[in-house]
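Reading the structure
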2 protein chains.
Amino acid sequence: MLTKEIYSKTCERALEYLNKAGIVVTEKEKSEMEVAEYGLNDVENIGLELIVYVNTDRCCAKELVLLPGQTCPEHRHPPVEGEAGKEETFRCRYGKVYLYVPGEPSKNPKAKAPKGSEEYFTVWHEIELNAGEQYTLSPDTLHWFQAGPEGAVVSEFSTKSRDDYDIYTDPRINPAQNRKV
Amino acid sequence: MLTKEIYSKTCERALEYLNKAGIVVTEKEKSEMEVAEYGLNDVENIGLELIVYVNTDRCCAKELVLLPGQTCPEHRHPPVEGEAGKEETFRCRYGKVYLYVPGEPSKNPKAKAPKGSEEYFTVWHEIELNAGEQYTLSPDTLHWFQAGPEGAVVSEFSTKSRDDYDIYTDPRINPAQNRKV
Ligand SMILES: [Zn+2]
Ligand SMILES: [Zn+2]
């Protein structure tokens, strides 16, 4: 669980990164920033900060902030009610993000699985995204990502976000309880 | 028609605005920037510059640049093959954009219809978007927009773009010939 103090401190740090990225957000958006910590109580290492710009039945756009070394845990977006799973494009706006997907595992991956959670990171094909670079993920594909040492700001363009349906590799994560990506 | 010279000069100016907005794009994206002039030969006044980040069957994201006073002409996105029309969210990243939609006409609209094309601008309910502000448009709704004197950079988040199906108020515009928004 997030204490109010950790929540506020984390948001404040995330706003600094949005600033560095030159991304303008309204006061209302600042006050509605979400901190995902996935119920793991280790937001420094496993977590991310996000502002949802729009999420209709058809499409969705968010700004994601990852503090230095912060990790979004491995998950996939399965089909729901006969519709293909969520399709996501990640576009790095600032910093560097290492994205991992199924495929040939990288020999020297730049990211490290968070300590104590190693077994819940199973795909290791690395895609490095620097500012201006992007990657589109097919629905229902396992993925996780981690910021480099300068942190990262990532725009996510996708179909509808239905967080409750996401499937995490880590059984300690309950999708119904936690905002996901 | 765009001459190569006007195309290059317009792109160069548009890149300056992306720079001012702090938006990083790759060399490949720069080289693939599109200039929409709608076949009207008046790109200074009726036109816009765009980079398409992603456009799949399900969703689409673009960066739009409007030079100072530049106008995207009035149009709507009708249903196609039984699917609702394109749904668009415009998020202003830099500068100021005046967006016009159906509704109570503004008494003192900030934008002016481009000279000689007045009759093709029929909706006058004004929505002013400054950096960090956004508006989501329902499918099949008439809309047009114009940048303020400092120009504007606008992120567009939407369902699939099917330019050929767009309907313009100005009968001189042929959707099949021109990239649209
Ligand atoms: Zn995801
Ligand atoms: Zn449009």
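Residues numbered from 1 in each chain as written. Chains lettered and ligands numbered in written order. Predicted model: local features only at pLDDT ≥ 70, side-chain atom pairs only at ≥ 80, totals over all residues. Heavy atoms only, no water.

Okay, the overall build of chain A next. Counting secondary structure elements, chain A contains two helices and nine strands. Going from N to C terminus, chain A has its helices and strands arranged as α-α-β-β-β-β-β-β-β-β-β. Put simply, chain A has 181 residues, and 53% of those count as buried. Excluding contacts between residues fewer than 6 apart, the proportion of contacts in chain A whose partners are at least 24 apart in sequence is 74%. Of the roughly 7,900 Å² of accessible surface on chain A, 49% is carried by carbon and sulfur atoms. Across chain A, the 22 positively charged side chains and the 31 negatively charged ones have centroids separated by 2 Å. (Helix = DSSP H or I, 4+ residues; strand = E, 2+ residues; numbered from the N terminus. Buried < 20%, exposed > 50% of the residue type's maximum accessible area, 1.4 Å probe, protein only. Contact = heavy atoms within 4.5 Å. Areas by Shrake-Rupley, 256 points an atom, 1.4 Å probe, with all protein chains shown as cover. Lys, Arg positive; Asp, Glu negative; His and termini not counted. Charge placed at Lys NZ, Arg CZ, Asp CG, Glu CD.)

Next up on the list: the confidence of the model for chain A. Residues of chain A with pLDDT of at least 70 account for 98%, and the chain-wide mean is 95. Scoring the predicted complex yields pTM 0.95 and, for the interface, ipTM 0.94. (pLDDT = per-residue confidence, 0-100.)

A few words now on the interface of chain B and chain A. The interface is formed by 32 residues belonging to chain B together with 32 residues belonging to chain A. Buried area between chain B and chain A, both sides added, is near 2,200 Å², and the carbon and sulfur share of it is 50%. The largest share of the area that chain B buries against chain A comes from Arg58(B), Arg93(B) and Phe157(B), three residues that together contribute 28% of it. Across the contact surface, chain B and chain A share six salt bridges. Our count for the chain B to chain A interface comes out at 18 residue pairs in polar contact (both at pLDDT 80 or more). Those elements that provide at least two residues to the side of chain B that touches chain A are β2 (48-55), β3 (60-66), β5 (88-101), β7 (134-137) and β8 (143-158) of chain B. Considering only residue class, the side of chain B that touches chain A consists of twelve nonpolar, eleven polar and nine charged. (Buried area = accessible area lost by both parts, 1.4 Å probe. Salt bridge = Lys/Arg side-chain N within 4 Å of Asp/Glu carboxyl O. Polar contact = N/O pair within 3.5 Å; in protein donor to acceptor, adjacent residues only side chain to side chain. Nonpolar A, V, L, I, M, F, W, Y, C, P; charged D, E, K, R; others polar.)

What follows is about the nonpolar core. Ranked by size, the top nonpolar core spans 36 residues in total, and within it Leu18(A), Tyr53(A), Leu18(B) and Tyr53(B) carry the most contacts. When residues of this core are traced back to their parent elements, those giving at least two are α1 (4-20), β2 (48-55), β3 (60-66) and β8 (143-158) of chain A together with α1 (4-20), β2, β3 and β8 of chain B. (Core = buried A, V, L, I, M, F, W, Y, C linked by side-chain atoms within 4.5 Å.)

Right, let's get into the relation of the copies chain B and chain A. With an RMSD of 0.0 Å, chain B superimposes on chain A once it is rotated by 180° and translated 0.0 Å along the axis. Expressed as an axis order, the relation between the two copies is that of a two-fold axis. Nearest to the rotation axis, the C-alpha of Gly22(B) is located 2.7 Å from it, this being the minimum over chain B. Of the interface residues in chain B, 100% have counterparts in chain A that sit at the interface too, so the contact is made through matching surfaces. (Least-squares fit on C-alpha atoms with pLDDT ≥ 70 in both.)

Residue and element names in this part refer to chain A. Here α1 is 17 residues long and its end C-alpha atoms lie 25 Å apart, about the 24 Å a rise of 1.5 Å per residue gives. On its buried face, α1 sits against β1 (34-36), β2, β3, β5 (88-101) and β8. The positive-phi residue at the C-terminal boundary of α1 is Gly 22, with phi of around 75°. (Expected span 1.5 Å × (residues − 1).)

On to the packing of aromatic side chains, then. Each aromatic ring pair is specified by the distance between its two centres and by the angle formed by the two planes. All names here are of chain A. By the definition in use, this model includes 17 aromatic pairs over all chains. Arranged with centres 5.0 Å apart and planes meeting at 75°, the rings of Trp 124 and Trp 144 form a pair that is edge-to-face. With Trp 124 in the loop between β5 and β6 (125-130) and Trp 144 in strand β8, this pair connects stretches of sequence that are 20 residues apart. Above the face of the Tyr 17 ring, Lys 20 is positioned so that its terminal group lies 4.8 Å from the ring centre. (Phe/Tyr/Trp six-rings, centres within 6.5 Å; stacked < 30°, edge-to-face > 60°. Lys NZ or Arg CZ within 6 Å of the ring centre and 35° of its normal.)

Turning next to the environment of Gly47(B). All names here are of chain B. Structurally, Gly 47 is set in the loop between β1 (34-36) and β2. Sequence separation between Gly 47 and Gly 95 is 48 residues, and the spatial gap between their C-alpha atoms is 17 Å. Not counting chain neighbours up to four residues away, the residues in contact with Gly 47 comprise Ala 36, Tyr 38, Leu 66, Gln 70, Thr 71 and Cys 72.

All names here are of chain B. Following the criterion strictly, the structure yields 32 salt bridges over all chains and no others. In this structure, Glu 128 engages Lys 96 in a salt bridge whose closest nitrogen and oxygen atoms are separated by 2.8 Å. With Glu 128 in strand β6 (residues 125-130) and Lys 96 in strand β5, this pair connects stretches of sequence that are 32 residues apart.

With that settled, the discussion passes to the environment of Val65(B). Residues and elements named next belong to chain B. For Val 65, the position within the fold is in strand β3. Assessed through its relative accessible area of 1%, Val 65 is described here as buried. For the pair Val 65 and Ala 14, spaced 51 residues apart in the sequence, the C-alpha separation amounts to 6.0 Å. Leave out the neighbours within four places in its chain, and Val 65 touches Ala 14, Tyr 17, Leu 18, Leu 48, Glu 49, Gln 70, Ala 152 and Val 153.

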